[in-house]
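Overview (structure and organization)
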Amino acid sequence: MTTDLDELLRSLRVWDPEVTELPPFDPAAAPADPLSLFTEWFAAAVTAGQTEPHTMSLATADEEGLPDVRIVMLHGADADGWSFATHATSRKGHHLAARPYAALGFYWPLLGRQVRVRGPVTAAPEKAGQADLHARSTGALAAALTGCQSEALGSLAELARASEAAWEHAQREPDAPVPSWTLYHLQPEEVEFFQGDARRRHVRLNYRRGSGGWAKELLWP
């Protein structure tokens, strides 16, 4: 039996040529390290007008090894790794405390590109986490001050009261500390770059970290 969802799914197309450009990608010309290529691709996504190119999927696992995934914001990528932040007391914070390993996924459909990153995760010093928080907007600080992330909520009215108080606190004290706020660094062991192709001859270049540095390999699409 065909459902409304089935019909909607069949009506959709990937990489509409009216809005998507699939640029060529020569893996032989790729830089020796994945961070350099990521920076190039990220800049290209911004230039192409990709909506929120800094958002990414973050996959973690709980103590039993059961996976979970959500969308978060990239806070930076440098020698320390790919960085994101959250409350240490949140669900993902608990996951990372139990299993300090994660995977990231970026998708930029305007260019038909994906980037996948995975590796061990470490928490930055508290000072770095607070600096990261206070460099963001008043709304970000208010959300952090609201706290209780991932805990059961009694009602939307309860959230409204807590949020209003947090906004007043953030505006009154823009440097207010939030001890649970933590900056995390994912140090990549593997980084894959996927370039879509109209004939489905997708190019996949994988960087793998070894004792001697980064090794590159092509993967079948």
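Structure: above.
Below is a short write-up of the structure. (Residues numbered from 1 in each chain as written. Predicted model: local features only at pLDDT ≥ 70, side-chain atom pairs only at ≥ 80, totals over all residues. Heavy atoms only, no water.)

**A word on the nonpolar core**
Ranked by internal contacts, the top residues of the largest apolar core, which has 26 residues, are F106 and V115. Elements represented by at least two residues in this core include exactly α2 (34–48), β1 (55–61), β4 (81–87), β5 (101–108), β6 (113–123), β7 (181–186), β8 (190–195) and β9 (203–210). Contact partners of V115, with chain neighbours within four places excluded, come to F38, W41, L104, G105, F106, W108, V191, E192 and F193. By size, the runner-up hydrophobic cluster in this structure holds 11 residues, among which are L133, A166, V178 and L183. (Core = buried A, V, L, I, M, F, W, Y, C linked by side-chain atoms within 4.5 Å. Buried < 20%, exposed > 50% of the residue type's maximum accessible area, 1.4 Å probe, protein only. Helix = DSSP H or I, 4+ residues; strand = E, 2+ residues; numbered from the N terminus. Contact = heavy atoms within 4.5 Å.)

**Digging into the pairing of β8**
On any regular strand, side chains alternate: one points to one face of the sheet, the next to the other face. Summarising burial for β8: 6 of the 6 residues are buried, a large majority. Of the two faces of β8, the one holding E190, E192 and F194 and the one holding V191, F193 and Q195 are both buried throughout. Taken together, the 6 bridges between β6 and β8 define a ladder with antiparallel strand orientation. When the sheet's bridge partners are listed, R113 is paired in β8 with Q195. (Pairing = 2+ DSSP bridges.)

**Some details on the side chain of K92**
Positionally, K92 belongs in helix α3 (residues 91–98). No salt bridge is formed by the buried K92; the nearest opposite charge belongs to D68, separated by 8.8 Å. Dropping the residues within four chain positions of it, K92 is found in contact with L58, R70, V72, T86 and Q149. (Lys, Arg positive; Asp, Glu negative; His and termini not counted. Salt bridge = Lys/Arg side-chain N within 4 Å of Asp/Glu carboxyl O.)

**Side note on unusual backbone geometry**
Its identity is not glycine, yet C148 carries a phi of approximately 65 degrees, on the positive side. Within the secondary structure, C148 is located in the loop between α5 (138–146) and α6 (156–172). C148 sits in the exposed class, given a relative accessible area of 52%. In this structure, R200 takes a positive phi of about 65 degrees despite not being glycine. Along the chain, R200 falls in the loop between β8 and β9.

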